[in-house]
Each structure stands twice: as structure tokens, then as C-alpha cells.
Amino acid sequence: MILGSMCAGDVRCYAAMVKAGEVVIDATECHLPLRHSHHRYVIDAPNGPVKLTVPLVGGTNAMPVPMRDVLVSEHGNWRHLHWGALYSSYGKSPFFDFIADELHHIIIEGKQQHLLDFNMELHQLIADFMDLPINISVVSDVYQIAAMVAGGALDLRGKIGGKRPDTLPLADVPYYQMWSNRRGSFSPRLSILDLLMNEGREGVITLLKMGK
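Residues numbered from 1 in each chain as written. Predicted model: local features only at pLDDT ≥ 70, side-chain atom pairs only at ≥ 80, totals over all residues. Heavy atoms only, no water.

## Describing helix 7 (residues 192-199)
Phase 1: Burial analysis of helix 7 places eight of its eight residues in the buried class, which makes it a mostly covered element.
Phase 2: Those residues of helix 7 lying buried are Ile 192, Leu 193, Asp 194, Leu 195, Leu 196, Met 197, Asn 198 and Glu 199.
Phase 3: Immediately beyond the C-terminal end of helix 7, within one or two residues, lies Gly 200, with a positive phi of roughly 60°. (Buried < 20%, exposed > 50% of the residue type's maximum accessible area, 1.4 Å probe, protein only. Helix = DSSP H or I, 4+ residues; strand = E, 2+ residues; numbered from the N terminus.)

So, in C-alpha cells, the structure goes:
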């Protein structure tokens, strides 16, 4: 399966990855404004879902450069804002303390200049903690990507994790959510971080159910 790079992608993205097993991240993907999940993720909060955005050098209105060259901006103290939002939302969740140090290191202490590096560090932390059965690789050769597509690889670039709902055969399986339980309603399609914080390693069971 071929995907674009995503920042703590939503649970449907991860359900698709678990179902595929073998995942290639296209580092040559361009025209990123068409799909903002490459630098945005949505978490749960007491008053409802909150969208967090990683600012990029040059903004997001004209990003013709490939993903591998997209630079992270340190404008607006975003790292501390993200950490504060995550702590406020999940500080008392069942599994926050188990991953807090590593997550803090990536977000607050991280020196990532490229968005791809930030996204992949987050992914590796998530995949390792949840013990996800995913073999993921990053490909920076446009011809290799084209050959994979021609060879029949499932190409989900721009088709999942975007602003519009996807049409993939994936179920939105409810799982325990600290805030949604209080509100009396389940919030689907949040960042994989929501599933991790609430279910920990057991979250892989939810992802497997979504792909059946």
C-alpha cells in the first residue's frame, strides 16, 4: 500500500496500514495543500475534537515541493502548544504516563527540520508502543513509486485521512474514549494518538476489527 506522509494519522489510516501490512510512504508526493493530514491531526478534548497543526515554512497555500523537502517552521511556539493540548486532553488517560517521556522528547525536545522526519518519528513511537504489525518504508524515487503503482500496489495517496470522508471498506469501530464517554457520544476518525492513549497496546484489536 502506498500512502502520503501523515502526522499522527487518524485511526482509519492505521487500520488500513495494519490490514495491508506492507506500507510505502511516498516522499516525492507534491501539491500537499490538497490534503492537510500531512501536518495536522485531531485529538479529543472535554469540549470536543481539537485540530493541531504543525506550521510549515512557506505556509500551505503553495507547496509544490516534494514531501521530503517540506520544512517545519518554529513559528508560534507550536511545540509547547501541542504538548499542552495533549497533556490537557490525555494527561489522565489510562496510557499517557507510559508514553509521555518519549512523546515529550519528540514534540518538545525535537530538532526536526523536515516534516517527514517529524511524522516518521511520531509514527515509529506509535507503532513500537502499540506493537503494530506494519512494515513501513520511505521511498524517495518517483520512478520506483510509479513502478509500484503500475505493478498493482494499492495507492491511497490523497484518498484517506483527508478533509472528505473516504469510501474504503473500513468500519468505524467504537472504543473507550475518556471524554466521549462523558459526553455520551463516540468521536470517530481521531488521531491514532487517541486510540493509543485510551487503549494502549490493546488498540491493535480495534484496528484489526476495523479492517474486517
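Next comes the rest of the write-up.
## Describing the side chain of His 123
Phase 1: Within the secondary structure layout, His 123 lies in helix 4 (residues 115-130).
Phase 2: Beyond its immediate sequence surroundings of up to four residues, His 123 is in contact with Tyr 14 and Ile 136. (Contact = heavy atoms within 4.5 Å.)

## What to know about the packing of aromatic side chains
Phase 1: All told, the structure shown has five aromatic pairs when counted by the stated rule.
Phase 2: An angle of 75° between the planes, with centres 5.6 Å apart, marks the rings of Tyr 87 and Phe 96 as edge-to-face.
Phase 3: Under the relative-accessibility criterion, Phe 96 is labelled buried at 3%.
Phase 4: Judged by centre distance (5.1 Å) and plane angle (85°), the rings of Tyr 175 and Phe 186 are edge-to-face. Here Tyr 175, found in the loop between helix 5 (142-150) and helix 6 (178-183), pairs with Phe 186, found in the loop between helix 6 and helix 7; they are 11 residues apart in sequence, far enough to count as distant.
Phase 5: An aromatic cluster of at least three residues, connected via ring pairs, comprises Trp 83, Tyr 87 and Phe 96. (Phe/Tyr/Trp six-rings, centres within 6.5 Å; stacked < 30°, edge-to-face > 60°.)

## Some details on the nonpolar core
Phase 1: Counting 62 residues, the largest nonpolar core has Leu 3, Tyr 41, Leu 132 and Leu 207 as the members making the most contacts within it.
Phase 2: Counting only elements with at least two residues in this core, the list comes to helix 1 (11-20), strand 2 (22-26), strand 3 (40-43), helix 2 (78-90), helix 3 (96-107), helix 4, helix 7 and helix 8 (203-210).
Phase 3: Top element by residues in this core is helix 4. It accounts for 10 residues.
Phase 4: The residues contacting Leu 3, other than those within four sequence positions of it, are Met 17, Val 23, Val 24, Ile 25, Asp 26, Leu 156, Arg 157 and Ile 160. (Core = buried A, V, L, I, M, F, W, Y, C linked by side-chain atoms within 4.5 Å.)

## Considering the sheet that holds strand 1 (residues 2-3)
Phase 1: Strand order in the open sheet formed by three strands is 1-2-5, and the pairing between neighbours is parallel. Each edge of the open sheet carries a strand with a single partner, namely strand 1 and strand 5 (135-139).
Phase 2: Across two bridges, the pairing between strand 1 and strand 2 is parallel. If you follow Ile 2 over to strand 2, its bridge partner there is Val 24. (Pairing = 2+ DSSP bridges.)

## Remarks on the packing of helix 1 against helix 8
Axis angle and axis distance: for two packed helices, these are the angle between their axes and the distance between the axes, and together they describe the pair.
Phase 1: Across the interface, helix 1 lies against helix 8 with an axial gap of 8 Å and an inter-helix angle of 80°. On the basis of the axis angle, helix 1 is roughly perpendicular to helix 8. Of helix 8, the residues touching helix 1 (which contributes Val 11, Arg 12, Tyr 14, Ala 15 and Val 18) are Leu 207, Leu 208 and Met 210.
Phase 2: Split by residue class, the contact of helix 1 with helix 8 holds seven nonpolar, no polar and one charged. (Axes fitted to C-alpha atoms, helices over the stretch in contact; angles between N-to-C directions. Parallel < 35°, antiparallel > 145°, perpendicular 65-115°, else oblique. Nonpolar A, V, L, I, M, F, W, Y, C, P; charged D, E, K, R; others polar.)

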